[in-house]
There are 2 protein chains.
Amino acid sequence: MIAEIIAAGSEMLTPFRQDTNSLYLTAELNDLGVSVAFKTIVGDNLAHLIGAARIALDRADIVLFSGGLGPTEDDLTREAAAAALDLRLSRDAEILTGMYKRFAARRMVMPPNNARQADVIDGAIILENKNGSAPGQYLDTTIPGPDGQLHRKIVILLPGPPKELKPMFDEACKPLLAASLPPRHLAKRMLRMALIPESQVDARTAPIYKEYADIETTILAGSAEIQLHFLSAKPSLEEAEARVNELTAKIELEMDDAIFSSHGESLEEVVLLMLGMRHLTLATAESCTGGLLAERLTAIAGSSRYFLGGAVVYSDALKTIFADVPPTTVADFGPVSSETASALAEGIRLRTGASLGISITGIAGPGPGAPGPDADKPVGLVYIGLADGQITQVKELNLMGDRERIRYWASQHALELIRRHLL
Amino acid sequence: MIAEIIAAGSEMLTPFRQDTNSLYLTAELNDLGVSVAFKTIVGDNLAHLIGAARIALDRADIVLFSGGLGPTEDDLTREAAAAALDLRLSRDAEILTGMYKRFAARRMVMPPNNARQADVIDGAIILENKNGSAPGQYLDTTIPGPDGQLHRKIVILLPGPPKELKPMFDEACKPLLAASLPPRHLAKRMLRMALIPESQVDARTAPIYKEYADIETTILAGSAEIQLHFLSAKPSLEEAEARVNELTAKIELEMDDAIFSSHGESLEEVVLLMLGMRHLTLATAESCTGGLLAERLTAIAGSSRYFLGGAVVYSDALKTIFADVPPTTVADFGPVSSETASALAEGIRLRTGASLGISITGIAGPGPGAPGPDADKPVGLVYIGLADGQITQVKELNLMGDRERIRYWASQHALELIRRHLL
């Protein structure tokens, strides 16, 4: 069965707002074995909405609407879906009573327009909205097609706000859909790799995953990382899981320690977990990334147990003030140098008392390095230092792209350097 | 005239990828006076694409395709558009020669499939692609409608990658479209305000902007900020600009210093500009935001002139090591206290030699404050300190939301505190 998602709302036809519900709905539908073949975005215009609904009923088996269920004159999804189906709307007494009660409880008079939210397409099941006032609707029906035959259609009306749509779909709608579709048991896994070209991942893993035609494999290139998504659907959960585990075991063997996460954790989370397992602490000294590495680590709840903090040593003076880098090192080799990176990592480790000190210094651009030793160094040149009290290693990088990309990739390289050190 | 944008590509029907070109195209079309009435996302399936193209030609005057112009078998937009228009594709000798030359220059043999990129819909103008191999196409034609009359249709084929689509639209396509449409002169302005509720902005500004019915006003609530967008279209640029300036002057008078930017600059940029104008420098001491404030400031190129750096004082010990906070202050009042925030701001200012020291300490959650004086303090409690060498002010905040939101709002409050101090 194929689905079409119709997002209703004029704001999604401006340069400022986008339909995002369809990403969530697509993931959920795929889990049920349903592909999304079309997505349509249409404004708050009855004729446009009826037209879009008719087209969707013609080309898809399941039509999901998001948005347009509110109480205002712009909320036209109920009317449009009913018109396209050639069915009537009837005002549901129970919904209406509930609405009057909610307004009364707040000592307010319900505006007459709100009663429209109680209009239900004949034959539809009402989907409770625990997080808002607009109920959803679910209709499993047959309609005559252009071929004169009757065709089964499932029509679903969901509210636009994601905080209302997601729980409603999950709790009320998904069980109804699942009951109408062949049973399916899914196993999913995600493997993540940092700083490796997509082409290399594909070249090495395709010969393996192509032997598992029954497993849906998706390679996604994200921010300085590659994700491999695997999905297996089988008559039983055990079969599905066994099949995915068999494939991922082979991929993990091939890609070995390039894989930083085999259950979806982020690189920051993995680094913090590894520090925790080894009872180690970390401190950062950042120049060109300006706090990005520390910010990524502290975005993870609980990071304070293993991440002590650090310094943003943007000016040369602060490299000395906070990490005891000898002024002569900066003067002789430049702030962007292997020597400075090394001194920063060692200095921040000693200053903070952390087990590991990591440093980043580089030229993020768009302007060139400062006058002096760095003047002729290229944009994208970055040094990362890692000190553990015994040895200090420095990695030289030549990164491509704009300021934002260079900074992000530098922070990713720093995390990956720590991870590989802790392996 | 109304437009429909069709994004072609199966990846946009997965849970992982979204059409983003349509936001850019919508902004550009709106500037030309064209509204987007429908957006359709369709996979790499010829029948689906032809169907979607026919529907779009039926309900829109301008149909823009993005994607599906590559050389692979999945690239079907040329074929689908031609079929829906009932026109033929002809292989263009000039494009083909150019392609052979490009391959030859790289000493490669062109795969036969690539020749498909030279297929042009009869009557279409070729749009040069300076950033890729797939040329675009522009066709201004008439087709018979369901009413038997001839209808003018403009059909535009653009490549999917944003780095190819945007310059092609801007340089090759927009001039053609502009020449086909009534002349229009636009003036645009954006006013930005931080940390103010949308309802308050609307209540205060609506009585003003509603008197300018000829100006399109959009209120957008972003991350801890509100944006007011104004767009005026007039027969001459002078008229349009005069009209927008008249309205924005009134709004600026009403909202006064709540407006941090009247030409679209970000809050970080404004703070750095103001520091520069006053020849001042800044340093940060961050606990709960963990480097986010420094990261936002250093994301701006050239920030190193006014931002020296700072410390991420995540552990209590680092508050003393890097900012000389007396250990008794932390012990007596807790790391999340007005006293600690004040000492951090003063300490980081003195340590770094900056003109201004700003500090952030708070409970970002989801867990509670550390044992001791902070144990019973609520998630979302944040203190921001600002020291200028003469006085130190501390602001107490009770922020709502999850860890990410609390951290971002705290950094926004810190920037806004600096801005208002510098006013």
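Residues numbered from 1 in each chain as written. Chains lettered and ligands numbered in written order. Predicted model: local features only at pLDDT ≥ 70, side-chain atom pairs only at ≥ 80, totals over all residues. Heavy atoms only, no water.

Chain A carries the name CinA-like protein in an unreviewed UniProt entry, which gives Granulicella arctica as its organism. Listed under Sequence similarities (unreviewed entry) in UniProt, the entry text for chain A is "Belongs to the CinA family." (UniProt positions renumbered as here; feature names shortened; annotations may be inferred.)

Details of the overall build of chain A
Each helix and strand in chain A was counted, giving 13 helices and 17 strands. In terms of C-alpha radius of gyration, chain A reaches 28 Å, well past the compact-globule figure of 22 Å for 423 residues. In terms of principal-axis extent, the alpha carbons of chain A reach across some 85 × 55 × 40 Å. Looking at the 423 residues of chain A, the share that counts as buried comes to 55%. Across chain A, contacts joining residues at least 24 apart in sequence account for 68% of those joining residues at least 6 apart. By element, 53% of the accessible surface of chain A is carried by carbon and sulfur atoms, the whole surface being about 17800 Å². Considering chain A, the positive charge centre built from 40 side chains and the negative charge centre built from 54 side chains are found 3 Å apart. (Helix = DSSP H or I, 4+ residues; strand = E, 2+ residues; numbered from the N terminus. Rg over C-alpha atoms; globule rule 2.2 N^0.38 Å. Buried < 20%, exposed > 50% of the residue type's maximum accessible area, 1.4 Å probe, protein only. Contact = heavy atoms within 4.5 Å. Areas by Shrake-Rupley, 256 points an atom, 1.4 Å probe, with all protein chains shown as cover. Lys, Arg positive; Asp, Glu negative; His and termini not counted. Charge placed at Lys NZ, Arg CZ, Asp CG, Glu CD.)

Here we look at the relation of the copies chain A and chain B
When chain A is brought onto chain B, the operation consists of a screw motion whose angular component is 180° and whose axial shift is 0.2 Å, with 0.3 Å RMSD remaining. Taken together, these values place the two copies in the relation of a two-fold axis. Both copies contact each other with a shared surface, as 100% of the interface residues of chain A are interface residues in chain B too. (Least-squares fit on C-alpha atoms with pLDDT ≥ 70 in both.)

Focus: the packing of helix α10 (residues 316-323) of chain A against helix α12 (residues 338-352) of chain B
Their axes nearest at 10 Å, the elements α10 of chain A and α12 of chain B cross at an angle of 115°. Mapping the contact onto sequence places L318, I321 and F322 of chain A in α10 of chain A and I348, R351 and T352 of chain B in α12 of chain B. Taken together, the residues of the contact of α10 of chain A with α12 of chain B break down into 4 nonpolar, 1 polar and 1 charged. (Axes fitted to C-alpha atoms, helices over the stretch in contact; angles between N-to-C directions. Nonpolar A, V, L, I, M, F, W, Y, C, P; charged D, E, K, R; others polar.)

Side note on the domain arrangement of chain A
Taken as a whole, chain A is organised into domain 1 (2-180), domain 2 (185-261) and domain 3 (267-422). On a C-alpha basis, the centres of domain 1 of chain A and domain 2 of chain A stand 35 Å from each other. (Domains from an automatic or database assignment.)

Observations concerning the nonpolar core
In summary, soluble globular proteins display a tendency toward joint burial of nonpolar side chains. I358 of chain A together with I358 of chain B are the most contacted members of the largest nonpolar core, which has 66 residues in total. Sequence-distant contacts of I358 of chain A, that is, excluding residues within four places in its chain, are made with L282, A283, T284, A285, L293, I348, I384, G385, L386, A414, L417 and I418 of chain A. Among the nonpolar cores identified, the runner-up in size contains 50 residues, and L64, I156 and M168 of chain A together with L13 of chain B belong to it. (Core = buried A, V, L, I, M, F, W, Y, C linked by side-chain atoms within 4.5 Å.)

So, the environment of S411 of chain B
Among the secondary structure elements, S411 of chain B is positioned in helix α13 (residues 403-422). If sequence neighbours within four positions are ignored, S411 of chain B has contacts with T289, L292, L293, R296 and I360 of chain B.

Details of empty space enclosed by the protein
All chains considered together, the criterion is met by 3 cavities of 30 Å³ or more. Space inside the largest cavity adds up to approximately 60 Å³. Q18, D19, S22, K39 and I41 of chain A together with Q18, D19, S22, K39 and I41 of chain B together form the lining of the largest cavity. Counting only elements with at least two residues in the lining of the largest cavity, the list comes to β2 (35-42) of chain A together with β2 (35-42) of chain B. Of the residues that constitute the lining of the largest cavity, the class distribution is 2 nonpolar, 4 polar and 4 charged. (1 Å grid on protein atoms, 1.4 Å probe; cavity = no way out; pocket = protein on both sides within 12 Å on 5 of 7 lines; lining within 4 Å. Points joined across faces, edges and corners; volume = space filled by probe spheres on them.)

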